[in-house]
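Below are the chains, spelled out letter by letter.
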Amino acid sequence: DQVPLAVRTISDVRPVQAAAYVFDSTRPKLVAFNISLNQGRLTLEFDEVVNISSLQTDQITLQNVKNAAAATTERHTLTGGTASPSTLGIKFDVTLTKADLDEA
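What you see is a predicted model, and the numbers here were worked out from it, not measured in a lab. (Residues numbered from 1 in each chain as written. Predicted model: local features only at pLDDT ≥ 70, side-chain atom pairs only at ≥ 80, totals over all residues. Heavy atoms only, no water.)

A. Structural detail: the pairing of strand 2 (residues 41-46). Pairing of strand 1 (residues 30-36) with strand 2 involves six bridges; the strand directions are antiparallel. Counterpart to Ala 32 in the pairing with strand 2 is Glu 45. With antiparallel pairing between neighbouring strands as the criterion, strand 1 and strand 2 make up a hairpin whose turn holds four residues, including Gly 40 at a positive phi of roughly 65 degrees. Pairing analysis gives five bridges linking strand 2 to strand 6 (residues 91-95), with the strands arranged antiparallel. Residue pairing in the sheet places Arg 41 in a bridge with Thr 95 of strand 6. (Pairing = 2+ DSSP bridges. Helix = DSSP H or I, 4+ residues; strand = E, 2+ residues; numbered from the N terminus.)

B. Expanded view of the pattern of salt bridges. Following the criterion strictly, the structure yields two salt bridges and no others. Between Asp 93 and Arg 41 there is a salt bridge; the shortest N-O distance is 3.9 Å. You can see Asp 93 sitting in strand 6 and its partner Arg 41 sitting in strand 2, a full 52 residues away along the chain. (Salt bridge = Lys/Arg side-chain N within 4 Å of Asp/Glu carboxyl O.)

C. Representation of the side chain of Thr 57 within the structure. Counting through the fold element by element, Thr 57 comes out in the loop between strand 2 and strand 3 (61-63). Within polar-contact distance, the side chain of Thr 57 engages the backbone oxygen of Gly 80 at 3.3 Å. With residues near it in sequence (within four places) discarded, Thr 57 still touches Leu 78, Gly 80, Gly 81, Ala 83 and Val 94. (Polar contact = N/O pair within 3.5 Å; in protein donor to acceptor, adjacent residues only side chain to side chain. Contact = heavy atoms within 4.5 Å.)

D. Geometry of the nonpolar core. Listed in full, the 10 residues of the largest apolar core are Leu 42, Leu 44, Phe 46, Val 50, Leu 55, Ile 60, Leu 78, Phe 92, Val 94 and Leu 96. Going through the elements one at a time, strand 2 and strand 6 are the ones with two or more residues in this core. For this core, the element with the highest residue contribution is strand 2, accounting for three residues. Once residues lying within four places of it in the same chain are set aside, the contact partners of Val 94 are Gly 40, Arg 41, Leu 42, Leu 44, Thr 57, Gly 81, Thr 82 and Ala 83. (Core = buried A, V, L, I, M, F, W, Y, C linked by side-chain atoms within 4.5 Å. Buried < 20%, exposed > 50% of the residue type's maximum accessible area, 1.4 Å probe, protein only.)

E. Examining the packing of aromatic side chains more closely. In total, this model carries one aromatic pair according to the counting rule given. Look at Phe 46 and Phe 92: their rings are 6.1 Å apart centre to centre, the planes differ by 70 degrees, and that puts the pair in the edge-to-face class. Pair noted here: Phe 46 is in strand 2 and Phe 92 is in strand 6, with a separation of 46 residues, a long-range link. Given a relative accessible area of 12%, Phe 46 falls into the buried group. (Phe/Tyr/Trp six-rings, centres within 6.5 Å; stacked < 30°, edge-to-face > 60°.)

F. Quick peek at the side chain of Thr 73. Within the secondary structure layout, Thr 73 lies in the loop between strand 3 and strand 4 (75-77). Judged by its relative accessible area of 13%, Thr 73 falls in the buried class. Ignoring anything within four residues of it in the chain, the contact list for Thr 73 reads Gln 63, Asn 64, Val 65, Asn 67 and Ala 68.

G. Structural context of the environment of Asp 58. In this fold, Asp 58 is placed in the loop between strand 2 and strand 3. For Asp 58, a relative accessible area of 39% corresponds to the partly exposed category. The spacing of Asp 58 and Gly 80 is 22 residues in sequence and 4.5 Å in space, taken between C-alpha atoms. Discounting chain neighbours no more than four positions away, the residues touching Asp 58 are Thr 77, Leu 78, Thr 79 and Gly 80.

So this is what it looks like as structure tokens:
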């Protein structure tokens, strides 16, 4: 579990079967972000826990306006980067590649 709540240990001798299992089908949403070109870091914050191994940094596209259909929209898709968790699996720091920083 990603949240630091108290956990009760259950002995191997007396295991307890789960009463139910509910698959998490809710997709996480990006709720905040920050970019620091001086530090070469993009910080992403989601509304729920994200498995860092599923974060594909080369699928992230930055753009200069909220409305992607605007005629003056400038875009840049990251070439990669290294993601590391910073807060309980909902906030990640992405270290930008030199190629992406040179594009900025």
